[in-house]
Amino acid sequence: MSLKDTLQTDLTAAMRAKDTVRTQTLRMALAAVRNSEVSGDTKHELTDDEVLACVTKEAKKRREAATAYDDAGRPELADAERAELAVLEHYLPAQLSDEDLTAMIQQAISSTGASGMSGMGQVMKVLQPQIAGRADGSKVAAAVRQALSAS
């Protein structure tokens, strides 16, 4: 069963259970997937990796919105965003721990022979396929910057 099918099945179950947060969140995620399918020149069925990328993007939006609402003094809206984020995180792969991420960064630096900030693009190019959906890109970029500036 594909990830898109899983989302659709879980949406139906949430609707039957009258779980409004889960229903709204899954509808939003499926809408993002459908929009991705029809964007561009030709309509195409998304692969599981592409669906995962859509879900990851939506989760990032929820994370950023919760932070913005917290900064604006709107905790009730921030809590709603975090509830949606919790639903989306169920479909994302397990996030990398800081130790695992550091080890992957060190391995990428040694394999590319990068030294200094000029090698950041090379390191990120090696890391991206390994961390896809398993770590926030901005967090990875900051860790790579820190590792390269220390070397």
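Everything numeric in this text was worked out from a predicted model, so none of it was measured.

Caption draft 1: Structural view of the domain arrangement of the protein. Assigned domains within the protein: domain 1 (3-90) and domain 2 (98-150). Between domain 1 and domain 2, the C-alpha centre-to-centre distance is 28 Å.

Caption draft 2: View of helix 2 (residues 20-38). For helix 2, built from 19 residues, the straight-helix expectation of 27 Å at 1.5 Å per residue is met to within 8% by its first-to-last C-alpha distance of 27 Å. Considering only its buried residues, helix 2 is in contact with helix 1 (3-16), helix 3 (48-71) and helix 4 (75-89).

Caption draft 3: Geometry of the environment of Gln106. Tracing the chain through its elements places Gln106 in helix 5 (residues 98-112). Each C-alpha atom of the pair Gln106 and Leu26 lies 37 Å from the other, and the pair is 80 residues apart in sequence.

Caption draft 4: Fine view of the pattern of salt bridges. If you walk through the whole model with that rule in mind, you get 12 salt bridges. In this structure, Lys4 and Glu45 form a salt bridge, with 3.4 Å as the shortest nitrogen-oxygen distance. Placement of the pair is Lys4 in helix 1 and Glu45 in the loop between helix 2 and helix 3, with a sequence separation of 41 residues. Residue Glu89 pairs with Arg63 through a salt bridge whose shortest N-O separation is 4.0 Å. Here the residue Glu89 occupies a position in helix 4, and Arg63 occupies one in helix 3, the gap between them amounting to 26 residues.

Caption draft 5: Inspection of the nonpolar core at higher detail. If you look at the biggest cluster of nonpolar residues, it comprises 19 residues, and the most contacted ones within it are Leu7, Leu26, Val51, Val55, Leu88 and Tyr91. Of all elements in the fold, only helix 1, helix 2, helix 3 and helix 4 reach the threshold of two or more residues within this core. The next biggest cluster of nonpolar side chains, apart from the first, holds 18 residues, and it includes Leu96, Ala114, Met120 and Leu148.

Caption draft 6: Main features of a negative patch on the surface. Judged by side-chain charge, Asp5, Asp48, Asp49 and Glu50 come together as a negatively charged surface patch. Within the element layout of this structure, Asp48 appears in helix 3. Given the relative accessible area of 38%, Asp48 is considered partly exposed.

Caption draft 7: A look at unusual backbone geometry. At Lys18, a position not held by glycine, the phi torsion is positive, near 60°. Within the fold, Lys18 resides in the loop between helix 1 and helix 2. For Lys18, a relative accessible area of 69% gives the class exposed.

Caption draft 8: Here's a closer look at the packing of helix 1 against helix 3. Across the interface, helix 1 lies against helix 3 with an axial gap of 8 Å and an inter-helix angle of 55°. Taken as axis vectors, helix 1 and helix 3 run oblique relative to one another. Residue-level contacts link Leu3, Lys4 and Leu7 of helix 1 to Asp48, Val51, Leu52 and Val55 of helix 3. Among the residues forming the contact of helix 1 with helix 3, the class breakdown is five nonpolar, no polar and two charged.

Caption draft 9: Structural detail: the side chain of Glu81. Structurally, Glu81 is set in helix 4. A residue is classified by how much of its surface remains accessible, and Glu81, at 15% relative accessible area, is buried.

Caption draft 10: Quick peek at the side chain of Glu84. Looking at the secondary structure, you find Glu84 in helix 4. Residues in contact with Glu84, not counting those within four places in the same chain, are Val21, Thr25 and Arg62.

Caption draft 11: Fine view of the packing of helix 1 against helix 2. It is the contact of helix 1 with helix 2, at a shortest axis distance of 9 Å, that shows an interaxial angle of 150°. With respect to their mutual orientation, helix 1 and helix 2 come out roughly antiparallel. Our pair here, helix 1 against helix 2, has a crossing hand that is left-handed. Between helix 1, through Lys4, Leu7, Gln8, Asp10, Leu11, Ala14 and Met15, and helix 2, the contact on the second element is made entirely by Arg22, Thr23, Leu26, Arg27, Leu30, Val33, Arg34 and Glu37.

Cut-offs used in this document
- Residue indices begin from 1 for each chain and proceed along its sequence in written order.
- It should be noted that, the model being predicted, local features are given only for residues of pLDDT at least 70 and side-chain atom pairs only at 80 or more, the latter also being counted only at that level, while totals for whole chains, interfaces and linings use all residues.
- Each side-chain value is worked out from all heavy atoms of the structure, with water and hydrogens disregarded.
- Segmentation of the chain into domains, including their bounds, is taken from an automatic or database domain assignment.
- Where helices and strands are cited, they refer to DSSP runs of H or I of at least four residues and of E of at least two residues respectively, numbered from the N terminus.
- For a helix, the expected span equals 1.5 Å multiplied by the residue count minus one.
- Contacts are assigned to residue pairs that have any heavy atoms within 4.5 Å of one another.
- Salt bridge, as used here, is a side-chain nitrogen of Lys or Arg placed within 4 Å of a carboxyl oxygen of Asp or Glu.
- Put simply, buried Ala, Val, Leu, Ile, Met, Phe, Trp, Tyr and Cys residues joined by side-chain atoms within 4.5 Å make one nonpolar core.
- Under the scheme applied here, a residue whose accessible area is under 20% of the maximum for its type counts as buried, over 50% as exposed, and between as partly exposed, the area being computed with a 1.4 Å probe on protein chains only.
- Distance thresholds for patches are 9 Å for like charges and 5 Å for nonpolar side chains (Val, Leu, Ile, Met, Phe, Trp, Tyr), applied to residues having over 30% relative accessible area and no salt bridge.
- Only the protein chains shown count as covering a residue, and every accessible area follows the Shrake-Rupley method with a 1.4 Å probe.
- Counting rule applied: Lys, Arg positive; Asp, Glu negative; His and chain ends not counted.
- Note that the charge is assigned to NZ on lysines, CZ on arginines, CG on aspartates and CD on glutamates.
- Only the stretch in contact is used when fitting a helix axis, every axis being a line fitted to C-alpha atoms; angles between N-to-C directions are given from 0 to 180 degrees.
- Our angle categories are set so that under 35 degrees counts as roughly parallel, over 145 as roughly antiparallel, 65 to 115 as roughly perpendicular, and the remainder as oblique.
- Ten residues, namely Ala, Val, Leu, Ile, Met, Phe, Trp, Tyr, Cys and Pro, are considered nonpolar, four, namely Asp, Glu, Lys and Arg, are considered charged, and the remaining ones, Gly among them, are considered polar.
- Handedness of a helix crossing follows the sense of rotation of the near helix relative to the far helix, less than a right angle counterclockwise being left-handed and clockwise being right-handed.

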